[in-house]
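Below, each chain spelled out in residue letters.
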Amino acid sequence: MAEFDAPGKLLDAARAARAAGYGALEAYSPFKIEGLAETLGFTRSAVPLATLLGGLAGGTGGYALQWYAAAIDLPLNVGGRPLHSWPMFIPATFELTILCAALAAVGAMLWGNGLPRLNHPVFDTPDFDLASRNRFFLCVRCAGSESSDETRSMRTFLATLDPIAIREVPR
């Protein structure tokens, strides 16, 4: 993990790491940096699709349950209304649509963020608490051990980016 003191340095380092072929990049910053997400290779979120599917499932399920209960399971002729009286099904259908869409959105957001995760290895890195104040961190993952050639070459590469410090992230 490389530590920087300016957002521009972090963005330049992320671009250089991406150009060098490092694919597993993570950046930590106290605020949003324009262009950093695209540089890191973030893609579109699955949350909107999950919200739509959750809403459709909730609305369809709510309407089908009411229709089944009123027209098939217990058909009661109340005041001469038809058994499938769709206007009286709309309020509950709407509420179930909103409820299921919201639950699906929260679930997709938690799943997409890898949560709940109570501890992450970068939290044990010295001075990482500065990521919420005034420091910028670029973490490059590697599969090798601490003494492997891949780790040594990555440490050499990070040193060329002019960071404040380079730290090993415990596994």
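Calculation criteria
Residues numbered from 1 in each chain as written. Predicted model: local features only at pLDDT ≥ 70, side-chain atom pairs only at ≥ 80, totals over all residues. Heavy atoms only, no water. Pairing = 2+ DSSP bridges. Helix = DSSP H or I, 4+ residues; strand = E, 2+ residues; numbered from the N terminus. Contact = heavy atoms within 4.5 Å. Axes fitted to C-alpha atoms, helices over the stretch in contact; angles between N-to-C directions. UniProt positions renumbered as here; feature names shortened; annotations may be inferred. Domains from an automatic or database assignment. Buried < 20%, exposed > 50% of the residue type's maximum accessible area, 1.4 Å probe, protein only. 1 Å grid on protein atoms, 1.4 Å probe; cavity = no way out; pocket = protein on both sides within 12 Å on 5 of 7 lines; lining within 4 Å. Points joined across faces, edges and corners; volume = space filled by probe spheres on them. Nonpolar A, V, L, I, M, F, W, Y, C, P; charged D, E, K, R; others polar. Expected span 1.5 Å × (residues − 1). Arc of directions from axis to C-beta. Core = buried A, V, L, I, M, F, W, Y, C linked by side-chain atoms within 4.5 Å.

## Focus on the sheet that holds strand E4 (residues 165-166)
Part 1 of the argument: If you walk across this open sheet you meet the 4 strands as E2-E3-E1-E4, and the pairing is antiparallel. Two strands in the sheet have a free side with no partner beyond their single neighbour: strand E2 (25-28) and E4.
Part 2 of the argument: Relative to strand E3 (residues 136-140), E2 runs antiparallel, the two sharing 4 bridges. Following the sheet pairing, Leu 25 is matched in E3 by Val 140.
Part 3 of the argument: Across the sheet, helix H1 (residues 7-19) touches strand E1 (2-4), E2 and E3, and the angle it forms with E3 is around 15°.

## Notes on the UniProt feature "transmembrane region" (unreviewed entry) in the chain
Part 1 of the argument: UniProt's entry tags residues 49-69 and 89-111 with the feature "transmembrane region" (unreviewed entry), counted in the numbering of this structure.
Part 2 of the argument: This span, residues 49-69, is 100% helix and 0% strand, and a straight line between its end C-alpha atoms measures 30 Å.
Part 3 of the argument: Here residues 89-111 is 96% helix and 0% strand, with 33 Å between the C-alpha atoms at its ends.

## A word on the domain arrangement of the chain
Part 1 of the argument: We note that the domain assignment places domain 1 (2-43 + 120-166) and domain 2 (46-113) within the chain.
Part 2 of the argument: Here the C-alpha centre of domain 2 lies 46 Å away from the C-alpha centre of domain 1.

## Overview of the environment of Ala 131
Part 1 of the argument: As for its placement among the helices and strands, Ala 131 is situated in the loop between helix H4 (90-112) and E3.
Part 2 of the argument: By relative accessible area, Ala 131 is classed as buried at 8%.
Part 3 of the argument: Sequence-wise, Ala 131 and Glu 26 are 105 residues apart; in three dimensions their C-alpha atoms are separated by 12 Å.
Part 4 of the argument: Once you skip the residues sitting within four places of it in the chain, Ala 131 turns out to touch Tyr 28, Ser 29, Pro 30 and Phe 137.

## A closer look at the layout of surface pockets
Part 1 of the argument: Volume-wise, the largest pocket comes out at about 790 Å³.
Part 2 of the argument: As for the largest pocket, its lining consists of 32 residues, of which Ala 27, Tyr 28, Phe 42, Gly 112 and Asn 113 are closest to the centre.
Part 3 of the argument: For the lining of the largest pocket, the secondary structure elements donating two or more residues are E2, helix H2 (36-40) and H4.
Part 4 of the argument: Class assignment for the residues of the lining of the largest pocket results in 17 nonpolar, 8 polar and 7 charged.
Part 5 of the argument: For the lining of the largest pocket, the domains that each give at least three residues are domain 1 (2-43 + 120-166) and domain 2 (46-113).

## Describing H1
Part 1 of the argument: For H1, built from 13 residues, the straight-helix expectation of 18 Å at 1.5 Å per residue is met to within 8% by its first-to-last C-alpha distance of 18 Å.
Part 2 of the argument: Of the positions making up H1, those classed as buried are Leu 10, Leu 11, Ala 13, Ala 14 and Ala 17. All buried residues of H1 project into a common sector of 165° when viewed along the axis, lining one side.
Part 3 of the argument: Positive backbone phi, approximately 100°, marks Gly 21, located one or two places after H1.

## A few points about the nonpolar core
Part 1 of the argument: Of all hydrophobic cores here, the largest spans 19 residues; its most connected members are Phe 4, Leu 10, Tyr 22, Leu 36, Leu 138, Val 140 and Leu 158.
Part 2 of the argument: Where this core is concerned, the elements lending two or more residues are E1, H1, H2, E3 and helix H5 (149-159).
Part 3 of the argument: The element best represented in this core is H1, accounting for 5 residues.
Part 4 of the argument: Setting aside chain neighbours within four positions, we find Leu 138 in contact with Met 1, Ala 2, Phe 4, Leu 10, Ala 13, Ala 14, Ala 17, Glu 26 and Leu 40.
Part 5 of the argument: With 7 residues, the next largest nonpolar core counts Tyr 28, Val 122, Phe 128 and Phe 137 among its residues.

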